Amino acid sequence: MKLFALSSTPLDEKGVSALVSGSGSGGVVTFVGRVRDHARGRSVSALEYEAYPEMVEAVFGAIAAEARQRFDVSAIAIHHRLGRLEVGEASVVIAVAAAHRSPAFEACRYAIDELKRRAPIWKKEFGPDGAFWVEERP
Amino acid sequence: MKLFALSSTPLDEKGVSALVSGSGSGGVVTFVGRVRDHARGRSVSALEYEAYPEMVEAVFGAIAAEARQRFDVSAIAIHHRLGRLEVGEASVVIAVAAAHRSPAFEACRYAIDELKRRAPIWKKEFGPDGAFWVEERP
Amino acid sequence: MVDDRDMQVRVRFFAAHREATGQSAYEADVPAGARARDVWRVLVERFPTLDGHASGTAYAVNQTVVPADTVLSEGDELALLPPMAGG
Amino acid sequence: MVDDRDMQVRVRFFAAHREATGQSAYEADVPAGARARDVWRVLVERFPTLDGHASGTAYAVNQTVVPADTVLSEGDELALLPPMAGG
């Protein structure tokens, strides 16, 4: 299992967390993004994710390298789902391990914020009014 | 599975996270505390946790109620392990679900900080110099 | 501080206190109207090995943390809480 | 802007762009020395349905985001990135 990956099958939250947990890590902070049944006032029945795969893994790696430089953390893993997801399914899992909890929280927050800002991933939202590509400013 | 619990068997990280994940939650932030192989400059071979069980679950519930009042989150679960733990085992799992990620991070951070400050739980550290009860200021 | 009748409170020991006393619970006879800190003095007389363990100890009465000068009632559960270290 | 020889760049379309053009990759003939934004104009001529999709689109050359005035070279991969929405 790679630290940075796109997956067409359901994300393995526990596996991603296990990737970063070494014997020196006292805290692991995990962020899991899930498909909500509503967004921006509309109801949502499903999402479809698409990515630029050759670029995504490089961007994930760059975000993780920056987070490790800024915060005292030992390891970061980022997995993102592709394809069609139903409500409740996980779209992204980010796990950060560190000796202390404060940098683990900060680095995990940094990683999800940057992922939303600059990872070449797109999502189409399906709802009662049809489907459209989401353009949200993070 | 209860939202607030002490457990003498290994914590089920995925199960705790699933407890809080409803269809309206866009983000779940999880903190997992693990036994490190060192602490305060000493090497650590194992930990032993003890608690005041009648009081702990009330404290967990109070911390979660405060976090829900302060931050816009939908659910919080807190599970803590008891007994002897080897290096790498999870001592605590806190999962917070929210529609948006920012309050989820803040509430999870609040919950672990308060747990360390006021949950009636103690730990004995086993290392090469023997065993002693940890007194750490959070 | 008190009248001269006695009352019983149930004391709970944890961690270093439990090891120092060799027990996790103890029924203490204390003067009626005793405060939490008065019970500590009664306990140190009964368990001299507790001496030196006062630092950082908090009191909980019936599972709620209270100030050391809290007046106890018959049948209360008084827990001595050494410095906590959860997480 | 350029000399009059042509070069080829490989264009990648995603999401709304992919649906508008009906394809995910396209080999574009552009003047040598063309910049990223020049290619966009070439593409809108070839795929009129792309018109109106410029807003918020970023450019990546060989998997790195670059400014719109970046000069391209023969064989570059130019990706058009509509507003991203990962997470």
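Going by the structure above, here's the rest.
Here's a quick rundown of the structure. (Residues numbered from 1 in each chain as written. Chains lettered and ligands numbered in written order. Predicted model: local features only at pLDDT ≥ 70, side-chain atom pairs only at ≥ 80, totals over all residues. Heavy atoms only, no water.)

Section: the pattern of salt bridges
Within the structure shown, the criterion is met by 38 salt bridges over all chains. B:Arg109 serves as the salt-bridge partner of B:Asp113, at 3.3 Å between the closest nitrogen and oxygen. Taken as a pair, B:Asp113 and B:Arg109 lie in helix α3 (residues 101–118) at a separation of 4 residues, close to a single helical turn. You can call B:Asp113 partly exposed: its relative accessible area is 22%. Here B:Arg109 falls in the partly exposed class, since its relative accessible area comes to 25%. Beyond isolated ion pairs, a larger network of salt bridges with shared partners links A:Glu54, D:Arg10, D:Arg12, D:Glu27 and D:Glu77. (Salt bridge = Lys/Arg side-chain N within 4 Å of Asp/Glu carboxyl O. Helix = DSSP H or I, 4+ residues; strand = E, 2+ residues; numbered from the N terminus. Buried < 20%, exposed > 50% of the residue type's maximum accessible area, 1.4 Å probe, protein only.)

Structural notes on the sheet that holds strand β1 (residues 4–7) of chain A
Taking strand neighbours across the sheet as the criterion, the 8 strands line up as β1(A)-β6(A)-β8(A)-β2(A)-β2(B)-β8(B)-β6(B)-β1(B) in an open arrangement whose pairing is mixed. Taken across any chain shown, the strands that pair with only one partner, and hence form the sheet edges, are β1 of chain A together with β1 (4–7) of chain B. Along the sheet, successive strands turn relative to each other by an average axial angle of 10 degrees, direction set aside. Against the sheet, helix α1 (residues 13–20) of chain A touches β2 (27–34), β6 (75–81) and β8 (90–98) of chain A together with β2 (27–34) of chain B, its axis set at about 25 degrees to β8(A). Sheet contacts for α3(B): β2 of chain A together with β2, β6 (75–81) and β8 (90–98) of chain B; angle to β8(B), the most-contacted strand, approximately 145 degrees. (Pairing = 2+ DSSP bridges. Axes fitted to C-alpha atoms, helices over the stretch in contact; angles between N-to-C directions. Contact = heavy atoms within 4.5 Å.)

Re the interface of chain B and chain A
Facing 30 residues of chain B, the contacting portion of chain A comprises 30 residues. For the pair chain B and chain A, the summed buried surface comes to about 2,700 Å²; carbon and sulfur atoms form 53% of the total. When the buried surface of chain B facing chain A is broken down by residue, B:Arg36, B:Arg101 and B:Phe105 rank first, second and third, together holding 25% of it. Inspection of the region where chain B meets chain A yields 2 salt bridges. A salt bridge links B:Asp113 to A:Arg101; the nearest nitrogen and oxygen atoms lie 2.9 Å apart. Across the chain B-chain A interface, the total number found is 11 residue pairs in polar contact (both at pLDDT 80 or more). (Buried area = accessible area lost by both parts, 1.4 Å probe. Polar contact = N/O pair within 3.5 Å; in protein donor to acceptor, adjacent residues only side chain to side chain.)

Just distances and angles here, no functional claims.
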